[in-house]
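Residue-level listing of the chains:
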Amino acid sequence: MKKTLFDKIWEQHVVDERQDGSSLIYIDRHLVHEVTSPQAFEGLRISNRALRRPDLTLAVADHNVPTENRIDGIKDNIARIQVETLEKNVKEFKVPYIPLMDSRQGIVHIIGPEQGFTLPGCTMVCGDSHTSTHGAFGALAFGIGTSEVEHVFATQTLIQKKPKTMLINVSGSLSIGVTAKDIALAIIKNLGTSGGTGYVLEYSGDAISDLTIEGRMTLCNMSIEAGARAGLVAPDAKTYEYIKNKPMSPKGEAYDKALEAWKLLPSDEGAVFDKVINIDTSLLEPHLTWGTSPEDVLSINDVVPNPKDIDKENLRNAMQDSLDYMGLKPGQALTDIKIDKVFIGSCTNSRIEDLREAAAVAKGRKVADGVHAMVVPGSGLIKIQAEKEGVADILIEAGFDWREPGCSMCLGMNPDQLKPQERCASTSNRNFRGRQGRDGRTHLVSPGMAAAAAISGHFVDVRKFN
Amino acid sequence: MKSFNKLTGIIASIPQVNIDTDAIIPKQFLKTIERTGLGKHLFHEKRYDQNNNLIKDFILNKQPWSQAKIIVVGDNFGCGSSREHAPWALLDFGISCIISTSFADIFYNNCFKNGVLPIILNEKIVDEISMLAEQGVEISIDLEEQQLIVQNKLYKFEIDPYRKHCLLNGLDDIGITLENKKTIDSYEEKLSSKIWHKPESL
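Residues numbered from 1 in each chain as written. Chains lettered and ligands numbered in written order. Predicted model: local features only at pLDDT ≥ 70, side-chain atom pairs only at ≥ 80, totals over all residues.

*Asks:* Explain the overall build of chain A to me, please; I cannot follow it from the model alone.
*Replies:* Across its full length, chain A carries 15 helices and 19 strands. Over its C-alpha atoms chain A spans a radius of gyration of 21 Å, differing by no more than 12% from the 23 Å that the globule rule assigns to 466 residues. Projected onto its principal axes, the C-alpha coordinates of chain A cover approximately 55 × 55 × 45 Å. Considering chain A as a whole, with its 466 residues, one finds that 62% of them fall into the buried category. (Helix = DSSP H or I, 4+ residues; strand = E, 2+ residues; numbered from the N terminus. Rg over C-alpha atoms; globule rule 2.2 N^0.38 Å. Buried ≥ 20, exposed ≤ 12 C-beta atoms within 10 Å, placed from the backbone.)

Following this line, the structure appears as structure tokens:
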């Protein structure tokens, strides 16, 4: 029987098959942050249950943390209590924790790979939907709710129905200035925001092999925006190289043994998927979203769509609502849309490669008058690396606001938010209404496109900067 | 967990597609360390204007729908983040049943952990129920019989048997899994052959 990468990981983790067809699966890695864990820790206390495997757990505060003047602490009382609650909980339950002032602190999905906590073939969960990011390493990684966080705390397992598999074959080389973010947006446009519901996606093909590990993380990160809880890329030489010598990854003999096992993971030739789609990226242009759903995607040289072209009444009305919210007119060229803010950051695009991409565009140029452009590195280590490499200097000289790591304006739980009607070119993952601040207008783009928009004051084809 | 068996109450229609978890409960309310108290913030940006005044036109701000115990909503309800605050907020408001053509995976799963019943029906039936909801009628849900009755019309729905069992009895998944502790122990014993399994320390 030929097996997919997903089948192999799933089979290796089944603890018990239950009568109703669901399985109890073992969880190898559990990431924890301050927002979705307090009620789960409290649940353990109420039921007098132990946290079964703190050694397979790693915690960090990221959603709520300030990205400036961090030395002054968290000013928002409720946010501070939440972070302090995490600190108290990790102490009580002996969970490894990266403190706020530690240089390794950062977005939970950045630090997992960075610390070597994320490994191929492992099952990995976190109370955060963007846990799909770790699929870039060939880990079965997905987001869970707080009740399931508590379930993993208490049992190191989860009850799961086996999902279906979808192969997304991506072929063709990317032109310069077109990135993993554009592939992700193109796939979401193709599948729609619910097209992946019930599936685990496996991204494969030469365009995926060509991606860096960072690019694969960007791609897998946005699987959830197509409705899929998890996205996978088969591990290869790049993956093994990335993992080697990371603090928490296996060393010496353990690494060699792991490598033997990891090399057996890729889908067998001829393995059957429940669904297959093919995408050719050779003609792919830089993409951006125009509306309030991640499926509202267009190429930079397109124009704003017209609701009149939509047959179905409820969808036509939904499009009109989105355009009203976004303050856009049908037929308007996307390159004519002026912006107020730029956000380069989030678990989608805040890795060193993303910052380099932004710096390459910003080098020797200035952020347009009236635009506030913010760069929030994904972790303290990325921040330090960017500062050492000169990437930070380029961005700062161009007028970008260089911040401390965290989730920041991706969801605006901390003070980094849009004001009503402010328009933002954002490298994050969701353009939902109010996501970045009430009545704020979010357009999702790649880091290069965000930097190009910052310089121009409006959206522009980043390829003109290359 | 609170059990769910029968429910009769007002049903409100929010016929938009892709209502995301940010719309159900915006981020500023996720700073809580409690599960309760979120009902007043449910659908915050639809219910309140920027000055925190009620938006009178929104269905849950109008009588009798402000008393709704059930909502009927568009496709892909609950898409977006994994925040369990979304079902907590619904429940705290008094809504413990949601009817739609489809739900996002994580949200759907989270509902069952909190005694909230998400019902999937086809588009034609959802549209019919939505039309009836606009008349301010009550609807009766019977989970045991897997049926709902509105204005003398009866509709059957499908549900996973294990999830039904847990909802009917208000069962806590963790308790059930821990009955299986020995199976987990023996799985973990086998893990010792994977010498790379345990992470090195930070």
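Now, onward.
*Asks:* For this particular structure, what's the right way to read the interface of chain A and chain B?
*Replies:* Across the boundary between the two partners, chain A contributes 65 residues, which contact 48 residues of chain B. Where the side of chain A that touches chain B is concerned, the elements lending two or more residues are strand S1 (14–17), strand S2 (23–26), helix H2 (38–46), helix H3 (77–92), helix H5 (146–155), strand S8 (157–160), helix H10 (252–262) and helix H11 (313–326) of chain A. It is H5(A) that provides the largest number of residues to the side of chain A that touches chain B, a total of 6 residues. Residue classes in the side of chain A that touches chain B are distributed as 25 nonpolar, 27 polar and 13 charged. (Contact = placed C-beta atoms within 7 Å. Nonpolar A, V, L, I, M, F, W, Y, C, P; charged D, E, K, R; others polar.)

*Asks:* Could you clarify how one ought to interpret the packing of helix H6 (residues 180–191) of chain A against helix H8 (residues 213–221) of chain A in this entry?
*Replies:* The relative placement of two packed helices is expressed as an angle between their axes plus a distance between the axes. All names here are of chain A. One way to put it is that H6 packs onto H8 with a least axis distance of 8 Å and a crossing angle of 25°. Of the possible angle classes, the one that applies to H6 and H8 is roughly parallel. The element H6 and its partner H8 pack so that their crossing is right-handed. Here H6 contributes Ala180, Lys181, Ile183 and Ala184 to the contact with H8, which in turn contributes Gly215, Arg216, Thr218 and Leu219. Considering only residue class, the contact of H6 with H8 consists of 4 nonpolar, 2 polar and 2 charged. (Axes fitted to C-alpha atoms, helices over the stretch in contact; angles between N-to-C directions. Parallel < 35°, antiparallel > 145°, perpendicular 65-115°, else oblique. Left-handed = near helix turned anticlockwise from the far one by under 90°.)

*Asks:* When you look at helix H1 (residues 5–13) of chain A in this model, what are you seeing that I'm missing?
*Replies:* In an α-helix, one turn spans 3.6 residues, which is why side chains three or four residues apart end up on the same side. Taken residue by residue, H1(A) has Leu5(A), Phe6(A), Ile9(A), Trp10(A) and His13(A) as its buried positions. Seen end-on, H1(A) carries its buried residues on one side only, within an arc spanning 125°. (Arc of directions from axis to C-beta.)

*Asks:* In this structure, what is going on with the confidence of the model for chain B? I would like to understand it.
*Replies:* Detailed reading of predicted coordinates is not advised where the pLDDT is low. This prediction gives chain B a mean pLDDT of 96; 100% of its residues lie at or above 70. Overall fold confidence for the complex sits at a pTM of 0.97, while the interface term, ipTM, reaches 0.96. (pLDDT = per-residue confidence, 0-100.)

*Asks:* Teacher, can you tell me more about the nonpolar core here?
*Replies:* It is characteristic of soluble globular proteins that their nonpolar side chains tend to be buried jointly. Residues Val342(A), Ala358(A), Ala362(A), Leu395(A), Ala450(A), Ala453(A) and Ile71(B) are the most contacted members of the largest nonpolar core, which totals 201 residues. Every residue in contact with Ala362(A), bar those within four places of it in the chain, is listed here: Ile394(A), Leu395(A), Ala398(A), Phe400(A), Ala451(A) and Ile455(A). (Core = buried A, V, L, I, M, F, W, Y, C linked by C-beta atoms within 7 Å.)

*Asks:* Sorry, what's going on with the pairing of strand S16 (residues 372–375) of chain A here?
*Replies:* Working note: regular strand, side chains alternate between the two faces of the sheet. All names here are of chain A. In terms of strand pairing, strand S15 (residues 341–344) meets S16 through 4 bridges, oriented parallel. Pairing of Ile344 across the sheet is with Val375, part of S16. Between the parallel elements S15 and S16, the chain passes through helix H12 (residues 352–362) in a crossover that is right-handed. Where S16 lies against strand S17 (residues 401–402), 2 bridges are found, and the strand directions are parallel. Across the sheet, the residue bridging to Met374 is Asp401, located in S17. (Pairing = 2+ DSSP bridges. Right-handed = clockwise from strand over helix to strand, strands pointing away.)

*Asks:* Teacher, can you tell me more about the pairing of strand S4 (residues 57–60) of chain A here?
*Replies:* Residue and element names in this part refer to chain A. Of the two faces of S4, the one carrying Thr57 and Ala59 and the one carrying Leu58 and Val60 are both buried. Two strands pair when backbone bridges link them, and strand S3 (residues 29–32) and S4 are joined in this way by 3 bridges, in the parallel orientation. The residue of S4 that forms the bridge with His30 is Thr57. In this fold, S3 hands off to H2, which returns the chain to S4; that crossover is right-handed.

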